[in-house]
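Observations on chain architecture
As a plain string of letters, each chain reads:
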Amino acid sequence: MAATIPATWMPDADMRRIHIHWTAGRHKANATDLASYHVLIEGDGKLLRGEPTISANDPARRRPGEKTSSHTLNANSHAIGVSMCAMFGASESPFDPGPAPLTEAQWARMIEVVAALARRYRIAITPETVLSHAEVQSNLGIPQRNKWDMTVLPFDRSLRGARAVGDRLRREVAAALDGGQPEPPQPLPDTLRLPRFRVHGVAPSTLNVRDAPNGAKVGALAEGARVEQLGISGGWWQVRTAQGHVGWVWHTFLRALA
Ligand SMILES: [Zn+2]
């Protein structure tokens, strides 16, 4: 399976969120666009690497003098900025997409890109971790001065509001992670501290623990249970419980522990 994003675009870093934007520019990236985001998607779906490297937004890895991607007001640390080149001259209300409307080709490419980034950086697909710029204020509680990328999609006007668009985004990214070629589990290098998570959003039920990705149920975890992440295969994560049991769980029910 061809890589969506070259591996060199995704250096080691502690990245915890992906924010999706549009540039409010033309369908081709200009110099400002390239300086502002980590990854850009032009109107025809073409992928471009922005000037800031992803690891520059990890404060522990930024080199002296290295430029970060300032894609989201007061919320750039540990956050990857993906932007679709579109929506120059657009207005939200009444809605007018302007001469460079966001295209379905861009959207489809963006879904692939976000899935690849989430897989690489082990980011769960949740409203707090994979979200549009328009959701940052409501989902993270960080004011954003009326940003509306994306509260509406020119190619699907049945969706209204940031949450509806964000939910479509996450549904499609999760499907992209779940589908495709099965990948061999990728163990984490020993040199990394194992990422730790707690089970969230399953009460009053429990989270199934399986013997393989989508395999047979071998146990269950209660709301709030803590686990360490050992490996990943698409949307399935291999975890170790506090009791030392190892199994596979679906990742959207885990929240990162600091
Ligand atoms: Zn934005």
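Structure shown above.
Before going into details, it helps to say that this report is about the structure given with it. (Residues numbered from 1 in each chain as written. Predicted model: local features only at pLDDT ≥ 70, side-chain atom pairs only at ≥ 80, totals over all residues. Heavy atoms only, no water.)

A look at the nonpolar core
Inclusion rule: Within this scheme, the nonpolar core is defined by two criteria: the residues are buried Ala, Val, Leu, Ile, Met, Phe, Trp, Tyr or Cys, and they are joined through side-chain atoms within 4.5 Å. Burial here depends on accessible area, computed with a 1.4 Å probe over protein chains only, as a share of the maximum for the residue type. Under 20% is buried, over 50% is exposed, and the range in between is partly exposed. Think of it this way: any DSSP run of H or I at least four residues long counts as a helix, any run of E at least two long counts as a strand, and we number them from the N terminus. Residues count as neighbours in contact if any of their non-hydrogen atoms are within 4.5 Å of one another.
Membership of the largest hydrophobic core comes to 41 residues, with the highest contact counts inside it found for Ile18, Ile20, Ile80, Val82, Met110, Leu117 and Tyr121. Elements with a contribution of two residues or more to this core: strand 1 (17-22), strand 2 (39-41), strand 4 (79-84), helix 2 (104-121) and helix 4 (162-178). Ranked by the residues each element gives to this core, the list is headed by helix 2, at 10 residues. Excluding its chain neighbours within four sequence positions, the residues that come into contact with Val82 are Ile18, His19, Ile20, His21, Val39, Ile41, Met110, Val113 and Leu117. The next biggest cluster of nonpolar side chains, apart from the first, holds 13 residues, and it includes Ala124, Val202, Ile232 and Val249.

A closer look at the coordination of the zinc ion
Rules: For Na, K and Ca the donor cutoff is 3.2 Å, while for all other metals N, O and S atoms count as donors only within 2.8 Å; water does not appear among the atoms, so some sites may look incomplete.
Looking at the zinc ion, the protein donor atoms are His21 (ND1), His133 (ND1) and Asp149 (OD), and they sit 2.0 to 2.2 Å from it. In primary-sequence terms, the residues that donate to the zinc ion follow H-x111-H-x15-D. Residue His133 is found in helix 3 (residues 133-140), and its partner Asp149 is found in the loop between helix 3 and helix 4; the two are separated by 16 residues along the sequence. Each member of the pair, His133 as well as Asp149, is classed as buried.

Considerations on helix 4
Operational definition: Helix span, expected: 1.5 Å multiplied by one less than the number of residues in the helix.
Between its terminal C-alpha atoms helix 4 stretches 24 Å, which fits the 24 Å expected from 17 residues at 1.5 Å a residue. Along helix 4, the residues that are buried comprise Ala162, Val165, Gly166, Arg168, Leu169, Arg170, Val173, Ala174 and Leu177. On the buried face of helix 4, the contacting elements are strand 1, helix 2, strand 5 (130-132), helix 3 and strand 12 (246-250).

A few points about the packing of helix 3 against helix 4
Selection criterion: Axes, fitted as lines to C-alpha atoms, cover a helix only where it is in contact. Angles between the N-to-C directions of the axes lie from 0 to 180 degrees. Roughly parallel means an angle under 35 degrees; roughly antiparallel, over 145; roughly perpendicular, 65 to 115; everything else is oblique. When residues are grouped by polarity, Ala, Val, Leu, Ile, Met, Phe, Trp, Tyr, Cys and Pro land in nonpolar, Asp, Glu, Lys and Arg in charged, and all others, Gly among them, in polar.
Packing of helix 3 against helix 4 leaves a shortest axis separation of 9 Å and a crossing angle of 105°. With respect to helix 4, the element helix 3 is oriented roughly perpendicular. Here Ala134, Glu135 and Asn139 of helix 3 come into contact with helix 4, specifically with Ala162, Arg163, Gly166 and Arg170. Of the residues contributing to the contact of helix 3 with helix 4, the split by class is 2 nonpolar, 2 polar and 3 charged.

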